[in-house]
Structures are given as C-alpha cells and as structure tokens.
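Notes for the structure review
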Amino acid sequence: MLKTNTNLIIRMLLLTVCVTASSMFSANAQQSSPYPKVTGYVAILNPIGSWSKQGFADNFSKVYTIGFPFGINILKSEHFGVSFELVPSIRIENGISKVNSVLFHPGAMFRFSHGFTFIARAAFETSGRFGFTPVVNQILLKGKNINLYAAVPVPFRFGNGQPASLGAGLQVGVGF
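Residues numbered from 1 in each chain as written. Predicted model: local features only at pLDDT ≥ 70, side-chain atom pairs only at ≥ 80, totals over all residues. Heavy atoms only, no water.

Turning our eyes to something else, we now look at the nonpolar core. Counting residues in hydrophobic clusters, the biggest one holds 8 residues: Tyr41, Ala43, Leu75, Met109, Ile119, Val135, Tyr149 and Ala151. Listing elements by their share of this core, those giving two or more residues are strand E1 (37-52) and strand E10 (147-153). Residues within four places of isoleucine 119 in sequence aside, it is in contact with Ala108, Met109, Thr133, Pro134, Val135 and Asn137. (Core = buried A, V, L, I, M, F, W, Y, C linked by side-chain atoms within 4.5 Å. Buried < 20%, exposed > 50% of the residue type's maximum accessible area, 1.4 Å probe, protein only. Helix = DSSP H or I, 4+ residues; strand = E, 2+ residues; numbered from the N terminus. Contact = heavy atoms within 4.5 Å.)

Take a look at the structure:
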C-alpha cells in the first residue's frame, strides 16, 4: 500500500512539474510575439472629388460630403492584417444636411517599414454603389498608446445606374 501511495505521489509531482514547465514555456512564447493583435481607429474623411465619363465633380462647389470612418484591425503579423471599416457620410446641399450613405469597407492590410500601410478594400455602399478602394496610409506621429495617421483613399465605384467613377480623398485619424 505504501508503495502504491509513493508511486501516486511521484506521478502527481511529475505531472505538476510538466504542467508548470509547459505553462512557463508557453507564457514566454506568448510574450515574445504580440500577434495576433486587435487595434481600432476613428477618423475624418474629406473626399476631394471624382472623375467619370461625365467629367470631374469636386466636393466643394455645389455639394459637400464628409465621412467619419471607424474600424477594427486584426493584425496577424508585423506585415499583414485585416481591417473592418464603417464610414457614415453626411452630405450638405442647399443648406440641408443628411446621412447620405454608409459604407462597409473590409480589406487586407499590407504593412511596410517606416509606418506605411497599403490597404486593399472592398466597398459596399447603402446608396447602391459598390467597388474597391486602394488606400495608402502613413503614421505621422507614433505615441505609446495612440498613433496619428493620414491616408489617401482612391475609390473605384460602379452600379446603381450611374457611370463608373474614380475618386480621391484625404483621411486623417487616430489609431489606438
């Protein structure tokens, strides 16, 4: 009986040592790699204008539109991640302002050195337009918990009985 209890105690000690060592090594492995990592952001988007077969339409003459992007980034590694963005847009025309459209803007992020990121986004607007948006993003100021960034989106849009268009805009935001 004593031998059985001793064997049981030895097995329990070995199991405890193995579990403890395993958790120590996995904790070290988790500390050395901060990925996957979830970040968020909020911004202001000012469309500059768009070109279509009807010509150039700027955002400052007859109508003014402003967007308020916000989203979540899931960073898989230092160089790749995915982003889920929503952009409600307000249109001001003849002194009347209204929510014009909401854009669902998922994309793949390709991160480079010196704070540059290229984002290839799909675009689905509640106004009935769809397409894609390549975005070039640059971190301007990097803080401990937040970053100030600027981005240049170049939207290609189709559908809803309108001619295809190519646009440009300027986005400034805070990532956290």
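Next comes the rest of the account.
Turning next to the pattern of salt bridges. A complete count under the given rule lists 3 salt bridges for this structure. Between arginine 121 and glutamate 85 there is a salt bridge, and its shortest N-O distance comes to 3.7 Å. Taken together, the residues arginine 121 in strand E8 (residues 116-125) and glutamate 85 in strand E5 (residues 80-93) connect sequence positions 36 residues apart. Judged by relative accessible area, which is 6%, arginine 121 ranks as buried. With a closest N to O distance of 3.2 Å, glutamate 93 and arginine 91 form a salt bridge. (Salt bridge = Lys/Arg side-chain N within 4 Å of Asp/Glu carboxyl O.)

Before going further, it helps to examine the environment of leucine 170. Locating leucine 170 in the fold gives a position in strand E12 (residues 165-175). Sequence separation of leucine 170 and valine 152 is 18 residues, and the distance between their C-alpha atoms is 5.0 Å. When sequence neighbours within four positions are dropped, the list of residues in contact with leucine 170 reads Ile44, Leu45, Asn46, Ile48, Ala151 and Pro153.

What follows covers the side chain of serine 89. When you line up the elements, serine 89 lands in strand E5. What serine 89 contacts, discounting residues up to four positions off in sequence, is Thr65, Ile66, Gly67, Lys98, Val99, Asn100 and Ser101.

Looking now at the pairing of E8. Sheet topology places strand E6 (residues 96-104) next to E8; 2 bridges connect them, and they run antiparallel. Across the sheet, residue leucine 103 finds its bridge partner in E8, namely glutamate 125. Counting the residues between successive antiparallel strands, the hairpin from E8 to strand E9 (residues 130-142) contains 4 residues, one of them, glycine 128, with a positive phi of roughly 100°. (Pairing = 2+ DSSP bridges.)

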